[in-house]
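Examination of the molecular architecture
Each chain, letter by letter, is given below.
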Amino acid sequence: MIRLDNISKQNGHQILFIEASAALHRAEKVGLVGPNGAGKSTLFRMITGQEAPDEGQVVVDRGITIGYFSQDVGDMSGRSAVAEVMDGVGPVSEVAAELKELEAAMADPDRADEMEAIIERYGEVQQRFSELDGYALDARAREVLAGLSFTQEMMDGDVGKLSGGWKMRVALARILLMKPDAMLLDEPSNHLDIESLIWLEQFLKGYDGMLMMTSPSTRSSRSTAARSPPIPATTNSTSSSAR
């Protein structure tokens, strides 16, 4: 469970929350609806520990894993979209990258004198990749990316060549592949076409963890969330909005 106990938060002169309390339970899906600047993203950052409330506390049960998708995707380049997505599930992405490097080395005639050592290392890395269920993860990563309208060429190409909107989809796919205990999705429908949006709604309906998703309107959140409390733009009633 994730619990907010009487939290208050102010951003400059703007009051975002006043003694707000709420709880997110296992398998519960909640949509946070409100205009930009109402405090939706701030709430997520408090849950993940990136920010602290001015008063009150945020309590996350021990052992709960949280996947947070924000609008700031950071720098992406030098790897394929599949590798970026798999990066969210731990060391398997590093093993996959080494496998590709070794495959390229085996095809390089200039490294013929190193071939025995390269092949030996390839066998070791391949075994580790299998132990980490890497082949299944690769297939699942591609399935998620396909659901978000990626072509095979886009999946295997340099993610750095993609536009900002497509990089957002890569970042979203990384969280979806993780399947953590709780997902915090900050306006995930941004940059999605209708086919991708329909696929995402179905994916989230089948997700059995805790889900909190923000949206500027009730239309997109109500199709997935069990409840969608609004966060008003006014600053004198925010405590009731988070309950």
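Please refer to the structure placed before this passage.
Before going into details, it helps to say that this report is about the structure given with it. (Residues numbered from 1 in each chain as written. Predicted model: local features only at pLDDT ≥ 70, side-chain atom pairs only at ≥ 80, totals over all residues. Heavy atoms only, no water.)

1. Concerning the packing of aromatic side chains
Tallied over the full model, the rule gives four aromatic pairs. Consider the rings of Phe 44 and Tyr 68, whose centres lie 5.8 Å apart with planes at 85 degrees: the pair is edge-to-face. One end of the pair, Phe 44, is in helix H1 (residues 40–47); the other, Tyr 68, is in strand E5 (residues 66–69), and 24 residues separate them in sequence. For Phe 44, a relative accessible area of 0% puts it in the buried group. Taking the ring centre of Trp 166 as reference, the NZ or CZ of Arg 169 above it sits at 4.1 Å. (Phe/Tyr/Trp six-rings, centres within 6.5 Å; stacked < 30°, edge-to-face > 60°. Helix = DSSP H or I, 4+ residues; strand = E, 2+ residues; numbered from the N terminus. Buried < 20%, exposed > 50% of the residue type's maximum accessible area, 1.4 Å probe, protein only. Lys NZ or Arg CZ within 6 Å of the ring centre and 35° of its normal.)

2. As for the pairing of strand E6 (residues 182–186)
With five of five residues buried, E6 lies mostly within the body of the structure. Neither face of E6 is open: one carries Ala 182, Leu 184 and Asp 186, the other Met 183 and Leu 185, and all of them are buried. When E5 meets E6, the two strands line up parallel, connected through four bridges. Its bridge partner lying in E6, Phe 69 is registered against Leu 185. (Pairing = 2+ DSSP bridges.)

3. Let's talk about helix H7 (residues 164–178)
Its 15 residues give H7 an end-to-end C-alpha distance of 22 Å, which sits within 8% of 21 Å, the value for a rise of 1.5 Å per residue. Residues of H7 that are buried: Gly 165, Lys 167, Met 168, Arg 169, Val 170, Ala 171, Leu 172, Ala 173, Arg 174, Ile 175, Leu 176 and Leu 177. The first or second residue beyond H7 is Lys 179, which carries a positive phi of 45 degrees. (Expected span 1.5 Å × (residues − 1).)

4. Some thoughts on the side chain of Arg 174
If you trace the backbone, Arg 174 turns up in helix H7. The buried category is assigned to Arg 174, whose relative accessible area is 19%. Residues contacting Arg 174, with those up to four places away along its chain left out, are Met 76, Glu 84, Val 85 and Gly 88. (Contact = heavy atoms within 4.5 Å.)

5. Notes on the pairing of strand E2 (residues 14–24)
Pairing analysis gives seven bridges linking strand E1 (residues 2–11) to E2, with the strands arranged antiparallel. Bridging across to E2, Arg 3 finds its partner in Ala 23. Counted between consecutive antiparallel strands, the loop separating E1 from E2 contains two residues, among which Gly 12 sits at a positive phi close to 65 degrees.

6. Overview of the sheet that holds strand E4 (residues 55–60)
Reading across from one edge, E2-E1-E4 is the order of the three strands in this open sheet, with antiparallel pairing throughout. Strand pairing shows two members of the sheet lacking a second neighbour, E2 and E4, which therefore form its edges. Each neighbouring strand pair of the sheet contributes to a mean axis angle of 20 degrees, computed without reference to strand direction. Of the pairings in the sheet, the one linking E1 to E4 comprises five bridges and is antiparallel in character. Along E4, the bridge assignment pairs Arg 3 with Val 59. Of the strands in this sheet, E1, E2 and E4 are in contact with H1, which crosses E1 at around 125 degrees. (Axes fitted to C-alpha atoms, helices over the stretch in contact; angles between N-to-C directions.)

7. Let's talk about the pattern of salt bridges
Side chains bearing opposite charge may pair, as long as their charged atoms lie close to each other. Inspection of the entire model under this criterion finds 13 salt bridges. One salt bridge in this structure joins Arg 3 and Asp 5, with 3.0 Å as the shortest N-O distance. The closest approach of N and O atoms between Glu 124 and Arg 121, which form a salt bridge, is 3.2 Å. Of the two residues, Glu 124 and Arg 121 both sit in helix H4 (residues 115–131), three residues apart, roughly one turn of that helix. One connected set of salt bridges, linked through shared partners, spans Arg 79, Glu 84, Asp 87 and Arg 174. (Salt bridge = Lys/Arg side-chain N within 4 Å of Asp/Glu carboxyl O.)

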